[in-house]
Amino acid sequence: MKNSPSDIIEVAIPLPLDTTFLYRVPVELMPRTELGKRVLVPFGRRRVTGYVLGFATGEERELREVCDVLDDTPLFTRKELELYRWASSYYLHPLGEVIKAALPAGINVQSRRADANGDGDALTGGKQVKTEPVYGPAAAPPAVDAPRGKASLILDHLRQAEETTAAELRGIFGDCSLQLRRLRELGLVEVEAREIYRDPFRDETVTPDSPLALNAGQSEARDRIVDAIDTGRFAPFLLHGVTGSGKTEVYLQTIAHLLNKERTALVLVPEIALTPQLVNRFRRRFRCGIAVLHSGLSDGERYDEWRRIRRGEVSIVIGARSAIFAPLERIGMIVVDEEHEASYKQSEGFRYNARDLALVRGKMEHACVVLGTATPQVTTWHAATTGKLALLSLPDRVNGLPMPHVEVIDARGHKGEAILPPLVEGIDANLAGGGQTLVFLNRRGFATWLTCEECGHVLRCPNCAVTLTYHQRRNRHVCHYCDYAIPAPSVCPECGSTQVTHLGLGTERIEELVRERFPEARVDRMDRDTTRGKGGHARILRKVAERKTDILIGTQMVAKGHDFPGITLVGIVSVESTLNIPDYRSAERTYQLITQLMGRAGRGLDAGKVIIQTFNPDHYALTHAGTGLLEKFYTTELAFRQETGYPPFVHLAALCLTGTAAPSVEQESAVLAGHLRTLRRELSSRVEILGPSPAPLTKLRGRFRWQTLLKAPERPALHRLLAALRSSYAPPSGIRLQVDVDPVDLM
DNA sequence: AGCACGCCGACT
DNA sequence: GTCGGCGTGCTC
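In the annotation of an unreviewed UniProt entry, chain A is listed under the name Replication restart protein PriA and assigned to Geobacter benzoatilyticus. One UniProt comment on chain A, placed under Sequence similarities (unreviewed entry), says "Belongs to the helicase family. PriA subfamily." UniProt, in the comment section headed Subunit (unreviewed entry), describes chain A in these words: "Component of the replication restart primosome."

*Asks:* With reference to specific residues and values, describe the sheet that holds strand β10 (residues 189-196).
*Replies:* The three strands lie next to each other as β9-β8-β10, forming an open sheet whose pairing is antiparallel. Edge strands, defined here as strands with exactly one partner in the open sheet, are β9 (164-165) and β10. Here strand β8 (residues 130-137) pairs with β9 via two bridges, running antiparallel. Bridge pairing in β9 links tyrosine 135 to threonine 164. The sheet strands contacting helix α3 (residues 150-161) are β8, β9 and β10, and the helix crosses β8 at an angle near 100°.

*Asks:* Hey, could you go over the protein's contact with DNA strand C for me, with residue numbers and the actual values?
*Replies:* Neighbouring DNA strand C are Leu17, Phe21, Leu22, Tyr23, Pro42, Phe43, Gly44, Arg61, Leu63, Arg64 and Ser733. Here, DNA strand C places atoms within 4 Å of the protein, and 42% of those atoms are sugar or phosphate. Tyrosine 23 is positioned with one of its side-chain polar atoms (N or O) 3.4 Å from a phosphate oxygen of DNA strand C. The backbone of glycine 44 places a nitrogen or oxygen atom 3.0 Å from a sugar or linking oxygen of DNA strand C. Looking at which element gives the most residues to the surface near DNA strand C, the answer is strand β2 (residues 21-24), with three residues. Among the residues forming the surface near DNA strand C, the class breakdown is seven nonpolar, two polar and two charged.

*Asks:* Lay out the environment of lysine 388 in plain terms, naming residues and giving numbers.
*Replies:* Along the chain, lysine 388 falls in the loop between α11 (378-385) and β17 (390-394). Note on lysine 388: relative accessible area 64%, which makes it exposed. Distance in space between the C-alpha atoms of lysine 388 and alanine 235 is 9.5 Å, their sequence separation being 153 residues. When neighbours within four sequence positions are excluded, lysine 388 is seen to be in contact with Pro236 and Ala383.

Quick notes on the rules
- Residues numbered from 1 in each chain as written.
- Chains lettered and ligands numbered in written order.
- Predicted model: local features only at pLDDT ≥ 70, side-chain atom pairs only at ≥ 80, totals over all residues.
- Heavy atoms only, no water.
- UniProt positions renumbered as here; feature names shortened; annotations may be inferred.
- Pairing = 2+ DSSP bridges.
- Helix = DSSP H or I, 4+ residues; strand = E, 2+ residues; numbered from the N terminus.
- Contact = heavy atoms within 4.5 Å.
- Axes fitted to C-alpha atoms, helices over the stretch in contact; angles between N-to-C directions.
- Near = heavy atom within 4 Å.
- Polar contact = N/O pair within 3.5 Å; in protein donor to acceptor, adjacent residues only side chain to side chain.
- Nonpolar A, V, L, I, M, F, W, Y, C, P; charged D, E, K, R; others polar.
- Buried < 20%, exposed > 50% of the residue type's maximum accessible area, 1.4 Å probe, protein only.

Structure below.
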């Protein structure tokens, strides 16, 4: 059959394929075919779900026919498709998979293998609309005698109430399924299945609040954002406010202004499961519909929230990373709270960064984008100082307290002492004064490594720059990335000192030490191990809030989000684990961590105190954090980045080969490196390949990972190289080539 | 990603 | 002589 020009559609398929496909729409499906709907299409020997991207023309080939249109209403708009297309090309990821990731999980029809005729294949999965039976009087009741007894009471009730859910009837009449069935059989009562939403907040009530008075900084920030909203143009902001400076109130009041203009707001938070307070504040302030999207919801709940948004029933969406794809229309503002958080980056599959996409979507929607944080990313800060983002500062804590006093303790030459005298004395004094203490130790995932307590030297892999992990059994230090290993040295290879020690004390060990040293104190610990299970966080936090804990020992997680209103001393046992991560952002991360912890200290009239123990007391990430002079750190760090050639002065991307089965990955990576060199020549661009290092192979638990970094002075050159590579290089089966378009986590 | 086609070892 | 291993290639 010949194709007529208007019955051809372009379809994206959620498979790792870089192309889209064309199909012919049979005449009977034409009326239902629309951009944004899913279709079932023949694909090779099977049938799969695809997404309609639009109509195509000028195709002479014989095309296969669409089997079915799977949706009554489109799942995405033309505008949302524009965002998907942008993300697909920027992140070099197949459009179909991007769309799949953007839509709520679990709605996709899973295509099954087709038999010879192409039919008979069972479709599984699909919609999960939940319904409940709703009873009502029949529109045209037959002329029969009404039943007596309970059934007649029920009928009367239904006639009065028009329609009633089964649950309500059960509440009034008890179990009445028999009577209802009888009434239906008589044709006096009708039942329909009505869609209901699974509401994660069904049982919660909130007490409304009203806008709070703003301090000078907050007012100015609000006014500038409100002005931007009124112009109706794209306007990106960095809202830089120390912890406790009242950023949320600025969000709330600017969003209130926005809602009056019939526009909507999208609020991204790093881990919504950990920030119920924020959601609560929004629910207390606004009476409009609010949807919440995060990983703690079941597929069904998330789908229901998604449908509420799609239907325009909400004006505010609060959610984690993936909420950047929420089907919200007329967006006037996108907030990215704690924009420095690494969890905005999806690091598997479709590797997008929601913080970056927020700016892109904001631009497409002519919206304001507000990046809020006390500790901006260095690149964000740079964008603000060069005028790409408008800088809004909230310099004051809402409670009026100055920033806490910071003391950096040089731990070099104190082998074996986990908690040094100044910190012990600090804790003693704080206990005596009735204050609570937070003892922080960032000891996640990294096993022990070797450091010199005289000179601060750390044993690293010469190939991979990661710290070497000590293996006691072999008495060797081993690189977990390339298997490089050396015998355990007895003296520091740098300065010859015998004061070499293993770092890697964990919170458990610290807890033990603290309990020994402060036997009268009530000690608690908060880390992944002690908060496991539901309500684990809440239990520990409640004890702290009720002042049933004197000393709280914690990891990373205490630095984020929670309020500890009684803490007057923060002791940082060591920052080395963060500082020694082989990542060009390790200084930035350390600075952020310390600053976030500083925000935990202080209450009442007491600004609080922070004591940092370290082998690197002169490191600028510590000294500048200690002064509280934020600009100083950023200026120093930016100078360093410029000198060494790191973002924001160059663009980085990583190429990764990952997989489970490979005959020879070394060989494979050599092939890839060859392609890279050829492409670089052809592009005659200034792309620098930082690797592969002599031992590029990574083997972890049977899986391998090979990674190399690419560096270029301008993004287009880098992007062209990556795009060309993805189309020219076909990895063998079992291996996938992934591209991390923005800076990677390691090396 | 599937699923086929295609060319080499141990079995009814 | 076949059944089956997964290497390579394609899917509008």
